[in-house]
Structures are given as structure tokens and as C-alpha cells.
Amino acid sequence: ELAFGLVHIIQQPAADEAADGSAVPPVNARPYKRPLRITNLQDTQHELSATTNLAKQAGIYLDAECATPIGDTPLALSGKQEVTLWVCLQPHLSADVLSGSVCRQLVGTIRVALHASDGGDLIEEKPIRFTATFGRSKLRVGPNAIRFGRLPAPVPGASPPAVHATLRVANLSEQIPLQW
């Protein structure tokens, strides 16, 4: 299993326009990603392919920037060679998830297959399950205002009086831990 764990959604800014009139991408525009290391345990060269059942929300890439998908062309893998693929998630998030009202569970499967080097027979196939929970914590700080009242006048030559206040920090979300 490839566990992404809890994924905190960053507050999306209002849609702005760049100087050229194009939309400015939101803070979360980059996908969430994890490396997947694969080793050809055989002594001979074979071809590697990888697909996912959530092709519109998860991609498998050859680079950490998630710019080069593994695509339909199998990857040549020499005997005993290791390769790192990148699993990148770009889930559809509803308004409820973006607001922090609910969380979104994303569960999918990656099918990694090793084929004969001539592009023929399937030699071995491994399913890999991936999971992620997307959501927002909801920070509440109280009280909204701190009133110290009248402070005593400073005494010449003495340290200023200590003034203390207490703030309560709470997470209104029951699903995602608070990061603050």
C-alpha cells in the first residue's frame, strides 16, 4: 500500500488574474505525490508498465515534477535495475471538502506489470493500493478581543509590570488534526 495519509488542504485564494489576463493557479495547484520504487528482480531486461483505475485523479510519472507520464509506452528495465516512479494525486474536491465540513477519502489501485522485452507476454503483475484523506482543519481562537483594562503606572527604576492574557485555540474539525 502507498499511504498518503492525512492531506491538509491549503485555503484557496480568490481567483485572480495575472497581468496577461490568464487565471492565477490556486495554492494547491501542484499535485500531492509519493515515490514508488520498483526493482526488476530478474536478470534479463523487461518492459515495465503502470496504470491506475483513477486516471483522472491520479497519475504515474517518471519524474518528481510530475511532468512526464509513464504513458502507454512501456519503460525498458534492465536486469536488477531499480526505477522510481512518482504517484501524483490531483483529486476532485467539492465545496464541502474545501470548506472543511467533510473529508474526502481517495482510494485507488496502481497496476504495475512486467512484460517480456519484445513487448509480448506478461511476466508478472502487482496491484498496489493507494489511500489519502483530504480535508481542512478549522482553527478557532478566542476570545476575539483581550481587554487588559487600566494598567498600573510604571514605577521609575522598576521593571514594568507583567501583563498576561490567555487565548483558547480549538479545532472545529473532527476529522483533520490542526496545524497552526
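Residues numbered from 1 in each chain as written. Predicted model: local features only at pLDDT ≥ 70, side-chain atom pairs only at ≥ 80, totals over all residues. Heavy atoms only, no water.

A. Examining the overall build of the protein more closely. Broken down by element type, the protein carries one helix and ten strands. In sequence order, the secondary structure elements of the protein are arranged as β-β-β-β-β-β-α-β-β-β-β. Taken over 180 residues, the protein has a buried fraction of 29%. Summarising the internal contacts of the protein: among those between residues at least 6 apart in sequence, 71% fall at separations of at least 24. For the protein, the accessible area works out to roughly 11,900 Å², and carbon and sulfur atoms hold 52% of it. (Helix = DSSP H or I, 4+ residues; strand = E, 2+ residues; numbered from the N terminus. Buried < 20%, exposed > 50% of the residue type's maximum accessible area, 1.4 Å probe, protein only. Contact = heavy atoms within 4.5 Å. Areas by Shrake-Rupley, 256 points an atom, 1.4 Å probe, with all protein chains shown as cover.)

B. How the structure looks around the confidence of the model for the protein. Model confidence for the protein is summarised by a mean pLDDT of 82, while 87% of its residues fall at 70 or above. Of all the helices and strands in the protein, strand β9 (residues 139–142) carries the lowest mean pLDDT, 83, while strand β6 (residues 82–89) carries the highest, 94. Every residue in residues 13–30 scores below 50 in pLDDT, and together they form 18 contacts with partners more than four places removed in sequence or on other chains. (pLDDT = per-residue confidence, 0-100.)

C. Here's a closer look at the state of the cysteines. Taken as a whole, this structure holds one disulfide when the rule is applied. Each sulfur of the disulfide joining C66 and C88 lies 1.8 Å from the other. On the sign convention where negative is left-handed, the bridge of C66 and C88, at about -55° about the S-S bond, is left-handed. Of this pair, C66 sits in the loop between β4 (58–61) and β5 (75–77) while C88 sits in strand β6, placing them 22 residues apart in sequence. Each member of the pair, C66 as well as C88, is classed as buried. (Disulfide = S-S within 2.5 Å.)

D. Seen up close, the pattern of salt bridges. Applying the stated criterion to the full structure yields four salt bridges. For R129, the salt bridge is made with E1, and the minimal N-O distance between the two is 3.2 Å. Of this pair, R129 sits in strand β8 (residues 122–135) while E1 is found in the segment before β1 (2–8), placing the two residues 128 residues apart along the sequence. Note on R129: relative accessible area 43%, which makes it partly exposed. Relative accessible area serves as the criterion here: at 63%, E1 is assigned to the exposed category. In this structure, E125 engages R111 in a salt bridge whose closest nitrogen and oxygen atoms are separated by 2.1 Å. Of this pair, E125 sits in strand β8 while R111 sits in strand β7 (residues 104–116), placing them 14 residues apart in sequence. Judged by relative accessible area, E125 falls into the partly exposed class, the value being 37%. (Salt bridge = Lys/Arg side-chain N within 4 Å of Asp/Glu carboxyl O.)

E. Expanded view of the environment of T68. Note that T68 resides in the loop between β4 and β5. In the structure, T68 is positioned 18 residues away from W86 in sequence and 9.8 Å away in space, judged by C-alpha atoms. Apart from the residues within four sequence positions on either side, T68 is in contact with Y61, L62 and D63.

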